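Each chain, letter by letter, is given below.
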Amino acid sequence: MSTNLTRNGLALDAVSAGYGQALAIRDITLTVTPGEVVALLGRNGAGKSTTLKAVMGMLPLRGGQVLMDGDEISGRPVHARAGAGIGYVPEDRRIFTGLTVAENLESGRRPIEAGRDWTPDRLFDLFPNLAPARDRHAGQLSGGEQQMLALARTLMGNPRMLLLDEPSEGLAPVIVDALARVVKTLKQEGLGILLCEQNTSFTTKVADRAAIIESGSLQYEGSMGQLALDDAVRKRYLAV
Ligand SMILES: Nc1ncnc2c1ncn2[C@@H]1O[C@H](COP(=O)(O)OP(=O)(O)OP(=O)(O)O)[C@@H](O)[C@H]1O
Ligand SMILES: [Mg+2]
């Protein structure tokens, strides 16, 4: 294993993965420690979602390994990676539109482990817009409320590491601000968060570090503050 990969939190060590014959990501090395928000940035088709799928086990690795708290989890099935403490909110949000908000939350419940214990009531405090909608069908919610519900449902599984795929996409600015407050709260509670986005408009508010992926390879790593000041890098690699 490469040097300095964390025994605390999530580590990708030279991860490669792809579809059919083609590799979509190559040699991705990245860490996310507890309480840290890392932005994985890149344009359409850069390999962001593929990276999250490889971490979650939805795609077999073609090389490298994924570690959680120093344990290799690359060979484990998806549910076992959730059991290792990883929560995933995919791009398509995957909530049950025919179930109520409360039922969606129940569907995210996993056996309780030591430590943090999310309940529907705590989640309704964190997502105040969802509280009055508790008995409504999720299909009736706005896009922003559905995104909040997808995140809340994943939190019901008490993850220690969150993978968020373009959570701010298509949301009104006021909802993006609400999402930023939630991410900051989760960070304060010690969750690590790997956050995929195409640009820096949301991530500037919440991320500590940024990694930029293009054509399946990491091209840049730096603090979010450094990247915010680096117009040349943002123009070169991001949809600005
Ligand atoms: N199911 C699939 N089958 C074949 N190729 C795929 C599949 N999903 C993604 N790809 C290809 O893999 C590459 C990386 O795609 P990926 O979805 O990871 O990009 P992304 O950075 O998440 O893009 P976006 O911002 O549009 O979500 C692209 O070339 C894409 O066309
Ligand atoms: Mg994607």
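Residues numbered from 1 in each chain as written. Chains lettered and ligands numbered in written order. Predicted model: local features only at pLDDT ≥ 70, side-chain atom pairs only at ≥ 80, totals over all residues. Heavy atoms only, no water.

Asker: What's the story with the pattern of salt bridges in this structure? I'm lost.
Answerer: Think of it this way: side chains of opposite charge can pair up when their charged atoms draw near. This structure, assessed with the given rule, holds 12 salt bridges. For Glu36, the salt bridge goes to Arg209, with nearest N and O atoms at 2.7 Å. A residue pair is termed long-range when its members are at least 10 positions apart, and Glu36 in the loop between β2 (22–32) and β3 (37–41) and Arg209 in strand β9 (residues 209–214) qualify at 173 residues. In this structure, Arg234 engages Asp231 in a salt bridge whose closest nitrogen and oxygen atoms are separated by 2.5 Å. A residue pair is termed a helical-turn pair when its members lie 3 or 4 positions apart in one helix, as Arg234 and Asp231 do in helix α9 (residues 231–237) at 3 residues. Overall, Asp231 belongs to the partly exposed group, its relative accessible area being 43%. (Salt bridge = Lys/Arg side-chain N within 4 Å of Asp/Glu carboxyl O. Helix = DSSP H or I, 4+ residues; strand = E, 2+ residues; numbered from the N terminus. Buried < 20%, exposed > 50% of the residue type's maximum accessible area, 1.4 Å probe, protein only.)

Asker: I keep staring at the site of ligand 1 and nothing clicks. Help me out?
Answerer: Among the 13 residues in the neighbourhood of ligand 1, the closest are listed as Asn44, Gly45, Lys48, Ser49 and Thr50. Gly45 places a main-chain nitrogen or oxygen 2.7 Å from an oxygen atom of ligand 1. Within the backbone of Gly47, one N or O atom sits 2.9 Å away from an oxygen atom of ligand 1. Against a free-state accessible area of 630 Å², the protein chains account for coverage of 59% of ligand 1. In terms of residue count, the dominant contributor to the shell around ligand 1 is helix α1 (residues 48–56) (3 residues). Residue composition of the shell around ligand 1, by class: 3 nonpolar, 6 polar and 4 charged. (Near = heavy atom within 4 Å. Polar contact = N/O pair within 3.5 Å; in protein donor to acceptor, adjacent residues only side chain to side chain. Areas by Shrake-Rupley, 256 points an atom, 1.4 Å probe, with all protein chains shown as cover. Nonpolar A, V, L, I, M, F, W, Y, C, P; charged D, E, K, R; others polar.)

Geometry only, nothing functional implied.
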